[in-house]
Amino acid sequence: MQISKIPVMPKSITSTKRKSRHLIRGIKNSLQDGIPNTGIGKPSVYHALVVIFLEFFSWGLLTSPIITVLNETFPDHTFLMNGLVQGIKGILSFFSAPFIGALSDVWGRKSFLLVTVFFTCMPIPLMRISPWWYFALISISGIFSVTFSVVFAYVADVTDEKERSAAYGLVSATFAASLVTSPAIGAWLEQRYSETFVIALATAVALLDVVFILVAVPESLPEKLRPAAWESTISWEQADPFSSLRKVSHDRTILLLCFMVFLSYLPEAGQYSCFFVYLRLVKGFSKESIAYFIAMVGTLSCIAQTALLEVMIKSLGHKHTIMVGLVFQMLQLAWYGVGAATW
């Protein structure tokens, strides 16, 4: 019986395939890293805190200018357009957050911190150059306005389970701290110099955040946790925003918690999206008064999410702490609704 010979590929073809594999691997590494994997020190919670602080500090500086530009651009439909802009942005964030999170699980956190911060802050310089383009880009930027999701993933990479809750609390407190300081600083600078100066400063702070990510933030996701093969792709289930909703239905406790969070954030989101516009245009608050108000609320939020929260959890437990928080939230929203005096 004649045995057929196994065909041997020519050396030139083998060499070409080997080179192709090296090229593909190099492209994959470039895509995964996005940017050179440099940074200052080891990945830590503090890197994430600086990123969050600078991004929201830049937007906090614009609290007063945003209201002015919104009212000047849409004088007859200020609240309607504010709601449409914030609504479109929120819907796009809902659909894009799982996809960007899944991509960061494959290609690393640093690249997507850079992408989310850059595209979220990109509309800032256009506020006075072209208000229409500014509001259009704010709406579209919702696709990338998921910095919090990537930051929480970064924090999860660098903390163990025991210290993770405290680290998440630090992130929330840092966000509140940026809101404590930036609106007051922005209002003071606008009064002392000009609105254009404040917009330029906010642009510079956002640019500083981008540079900080490029230069100082190290990659937190270890290479061994990333898929090794080029063919490794994310599944539709990972990118599907409704996938998590379907999964929580299998656990009654998680389903109840999600339902509670939804009912809690629904009025909060509505209030937050238009509250400062309402104070300025309806209640007649001055720019300085709004800044001081935000600073006071932000200070109380920092205290509540750090020291007070820890004490309440230890003394009351998680369930009763949640109930106390919901009661005070209800009182807060009712007070905002019926309050007539500025005090």
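Reading guide: rules and limits
- Residues numbered from 1 in each chain as written.
- Predicted model: local features only at pLDDT ≥ 70, side-chain atom pairs only at ≥ 80, totals over all residues.
- Heavy atoms only, no water.
- Core = buried A, V, L, I, M, F, W, Y, C linked by side-chain atoms within 4.5 Å.
- Buried < 20%, exposed > 50% of the residue type's maximum accessible area, 1.4 Å probe, protein only.
- Contact = heavy atoms within 4.5 Å.
- Phe/Tyr/Trp six-rings, centres within 6.5 Å; stacked < 30°, edge-to-face > 60°.
- Helix = DSSP H or I, 4+ residues; strand = E, 2+ residues; numbered from the N terminus.
- Axes fitted to C-alpha atoms, helices over the stretch in contact; angles between N-to-C directions.
- Parallel < 35°, antiparallel > 145°, perpendicular 65-115°, else oblique.
- Nonpolar A, V, L, I, M, F, W, Y, C, P; charged D, E, K, R; others polar.
- pLDDT = per-residue confidence, 0-100.
- Salt bridge = Lys/Arg side-chain N within 4 Å of Asp/Glu carboxyl O.
- Left-handed = near helix turned anticlockwise from the far one by under 90°.

### A short note on the nonpolar core
Here comes step 1: Grouped together as the largest cluster of nonpolar side chains are 54 residues, with contacts concentrated most on Leu 62, Leu 113 and Ile 124.
Here comes step 2: Residues in contact with Leu 113, not counting those within four places in the same chain, are Val 51, Thr 147, Val 150, Val 151, Tyr 154, Ile 213 and Val 217.

### Observations regarding the packing of aromatic side chains
Here comes step 1: As enumerated under the stated definition, the model contains 13 aromatic pairs in all.
Here comes step 2: Between Phe 53 and Phe 57, the aromatic rings sit 5.5 Å apart at their centres with planes inclined by 25 degrees, giving stacked as the arrangement. Pair noted here: Phe 53 and Phe 57 are both in helix H2 (residues 45–60), with a separation of 4 residues, about one helical turn.
Here comes step 3: Take Phe 53: its relative accessible area is 28%, and that puts it in the partly exposed class.

### Description of the packing of helix H5 (residues 109–121) against helix H10 (residues 195–215)
Here comes step 1: For the pair H5 and H10, the least separation of the axes is 10 Å and the interaxial angle reads 170 degrees. Viewed along their axes, H5 and H10 adopt a mutual orientation that is roughly antiparallel. Side by side, H5 and H10 meet where Lys 110, Leu 113, Leu 114, Val 117, Phe 118 and Cys 121 of the first sit next to Ala 206, Asp 209, Val 210, Ile 213 and Leu 214 of the second.
Here comes step 2: Grouping the amino acids of the contact of H5 with H10 by side-chain chemistry returns 9 nonpolar, no polar and 2 charged.

### Structural notes on the environment of Ala 102
Here comes step 1: Considering the arrangement of structural elements, one finds Ala 102 in helix H4 (residues 78–107).
Here comes step 2: Sequence separation between Ala 102 and Asp 240 is 138 residues, and the spatial gap between their C-alpha atoms is 10.0 Å.

### Notes on the confidence of the model for the protein chain
Regions with low pLDDT should not have their predicted coordinates read in detail.
Here comes step 1: Here the protein chain averages 78 in pLDDT, while 83% of its residues score no lower than 70.
Here comes step 2: Within the protein chain, helix H1 (residues 11–33) has the poorest average pLDDT of any element, 43, and H10 the best, 93.
Here comes step 3: Note on residues 1–28: pLDDT is under 50 here. Beyond four places in sequence and across chains, it has 8 contacts.
Here comes step 4: Confidence drops under pLDDT 50 across residues 30–35; counting only partners more than four residues distant or on other chains, this segment forms 18 contacts.

### So, the pattern of salt bridges
Here comes step 1: Under the definition given, this model contains 3 salt bridges.
Here comes step 2: In this structure, Arg 128 engages Glu 195 in a salt bridge whose closest nitrogen and oxygen atoms are separated by 2.5 Å. Of this pair, Arg 128 sits in helix H6 (residues 126–129) while Glu 195 sits in helix H10, and the two are 67 residues apart along the sequence.
Here comes step 3: By relative accessible area, Glu 195 is classed as buried at 13%.

### Observations regarding the packing of helix H14 (residues 287–316) against helix H15 (residues 318–338)
Here comes step 1: The N-to-C vectors of H14 and H15 enclose an angle of 155 degrees; their axes lie 9 Å apart at closest approach. The angle between H14 and H15 falls in the class roughly antiparallel. Between H14 and H15 lies a crossing of right-handed hand. In contact with Phe 293, Val 297, Leu 309, Met 312, Ile 313 and Leu 316 of H14, H15 contributes His 318, His 320, Thr 321, Val 324 and Tyr 336.
Here comes step 2: Taken together, the residues of the contact of H14 with H15 break down into 8 nonpolar, 3 polar and no charged.

### A few points about the side chain of Gln 329
Here comes step 1: Within the element layout of this structure, Gln 329 appears in helix H15.
Here comes step 2: Discounting residues that sit within four places of it in the chain, Gln 329 has contacts with Ser 264 and Glu 268.

### Some points on the environment of Gln 305
Here comes step 1: Along the polypeptide, Gln 305 turns up in helix H14.
Here comes step 2: Exposure remark for Gln 305: the relative accessible area of 29% places this residue in the partly exposed category.
Here comes step 3: Between the alpha carbons of Gln 305 and Val 171 there is a distance of 9.9 Å; along the sequence they are 134 residues apart.
Here comes step 4: Contact partners of Gln 305, with chain neighbours within four places excluded, come to Gly 169, Ser 172 and Ala 173.

### Focus: the side chain of Asn 82
Here comes step 1: Along the chain, Asn 82 turns up in helix H4.
Here comes step 2: Relative accessible area serves as the criterion here: at 8%, Asn 82 is assigned to the buried category.
Here comes step 3: Once residues within four sequence positions are removed from consideration, Asn 82 is found in contact with Leu 70, Ser 273, Cys 274 and Val 277.

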